[in-house]
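Here are the chains, one letter per residue:
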Amino acid sequence: MQQIIKTSGPVKLIEYKRYHPTYRYDDLEDDPEQIRLAIRQHCLEEQSYLCAYCCRAIGVKDRDCMNEHIQPRQKYPQYSLDMNNIIASCTTKGCCDDAKDNDEIAITPLSERCENELKFNLSGTIKAITPDAQQTVQVLKLGDSLQQNQKLVDMRKQAIASFLFTQNIEPNDPIDIEDDELLKLLIEELKDAPHGKLTPFAPVIINALKTWVEGNKV
Ligand SMILES: [Zn+2]
């Protein structure tokens, strides 16, 4: 996950809510003004075109992402048009929105805890270091083991390995722990988002690099 900083939301939605203060997300069924689309586009930009949960690239194809309610809209209809409750998720079967369904998660992408309590290994697996993090990984099927979500673990492993390769860093050869400057440079490179789009899995790669360096210091 990457921590998402929410902004006020698309103008279309703000105006719609002004005229329809009691409406819920489900009232957008016909949606002639394409408000759902405006919400999705707004979220994509906030998230630099990465899934809020797994960080794969989204917004590339028509149906590869959707508006996801952090607190399920069936249980909390009163928050269903609140932009602080809507993020863009991938539509991958078996993880993220699809796995979560109407469940709730203890750690959300709006909290900095999502970057502190989930640690990524170079092998692509996640280490959930608190019970809340474990619950969240379990619900979203984010791959704390190969058994839980091998495809996603492999995608992360590949993304980390490709990045290290482009930087001429050998994964079996720890980054020089004295060299915090190098880590800073690598992170800067990964935070670069040309045309507002981050490298797929960039927040995961940053997290894995930090975890790797911390591990070497112990
Ligand atoms: Zn996802």
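In this text, all values refer to a predicted model and were calculated from it rather than measured experimentally. (Residues numbered from 1 in each chain as written. Predicted model: local features only at pLDDT ≥ 70, side-chain atom pairs only at ≥ 80, totals over all residues. Heavy atoms only, no water.)

A. Layout of the pairing of strand β2 (residues 86-90). Most of β2 is tucked away: 5 of the 5 residues are buried. Taking every second residue as pointing to the same face, both faces of β2 are buried, with Ile 86, Ala 88 and Cys 90 on one and Ile 87 and Ser 89 on the other. Where strand β1 (residues 65-69) meets β2, 5 bridges bridge the pair, whose relative direction is antiparallel. Pairing of Glu 68 across the sheet is with Ile 87, part of β2. (Buried < 20%, exposed > 50% of the residue type's maximum accessible area, 1.4 Å probe, protein only. Helix = DSSP H or I, 4+ residues; strand = E, 2+ residues; numbered from the N terminus. Pairing = 2+ DSSP bridges.)

B. Expanded view of the coordination of the zinc ion. The zinc ion binds to the protein through Cys 51 (SG), Cys 54 (SG), Cys 90 (SG) and Cys 96 (SG); the donor distances cover 2.3 to 2.4 Å. Around the zinc ion, the 4 donor atoms sit at angles spanning 107 to 113°, and that spread fits a shape best called tetrahedral. (Donors = N, O, S within 2.8 Å, 3.2 Å for Na, K, Ca; no water. Tetrahedral: all angles 85-135°; square planar, octahedral: opposite > 155°, others 65-115°.)

C. Molecular detail of helix α6 (residues 146-166). Its 21 residues give α6 an end-to-end C-alpha distance of only 26 Å, which falls more than 12% under 30 Å, the value for a rise of 1.5 Å per residue. At Leu 152, α6 shows its maximal bend, which comes to roughly 55°. Residues Gln 148, Asn 149, Leu 152, Val 153, Arg 156, Ala 159, Ile 160, Phe 163 and Leu 164 constitute the buried set of α6. Here the buried face of α6 lies against β3 (118-120), β4 (126-128), α5 (131-140), α7 (180-191) and α8 (202-217). The first or second residue beyond α6 is Asn 168, which carries a positive phi of 60°. (Expected span 1.5 Å × (residues − 1). Bend = angle between axes of the 7 residues up to and from the residue. Contact = heavy atoms within 4.5 Å.)

D. Quick look at the nonpolar core. With 60 residues, the main nonpolar core has Ile 39, Tyr 53, Cys 96, Leu 142, Ile 205 and Leu 209 as its most contacted residues. When neighbours within four sequence positions are excluded, Ile 205 is seen to be in contact with Ala 159, Ile 160, Phe 163, Leu 190 and Pro 200. (Core = buried A, V, L, I, M, F, W, Y, C linked by side-chain atoms within 4.5 Å.)

E. Examining the packing of α6 against α8 more closely. Where α6 contacts α8, the axes come no closer than 10 Å and their chain directions differ by 75°. Put simply, α6 runs roughly perpendicular to α8. Taking contact as the criterion, the partners of Arg 156, Ala 159, Ile 160, Phe 163 and Leu 164 in α6 are, on α8, Val 204, Ile 205, Ala 208, Leu 209 and Trp 212. Taken together, the residues that form the contact of α6 with α8 break down as 9 nonpolar, no polar and 1 charged. (Axes fitted to C-alpha atoms, helices over the stretch in contact; angles between N-to-C directions. Parallel < 35°, antiparallel > 145°, perpendicular 65-115°, else oblique. Nonpolar A, V, L, I, M, F, W, Y, C, P; charged D, E, K, R; others polar.)

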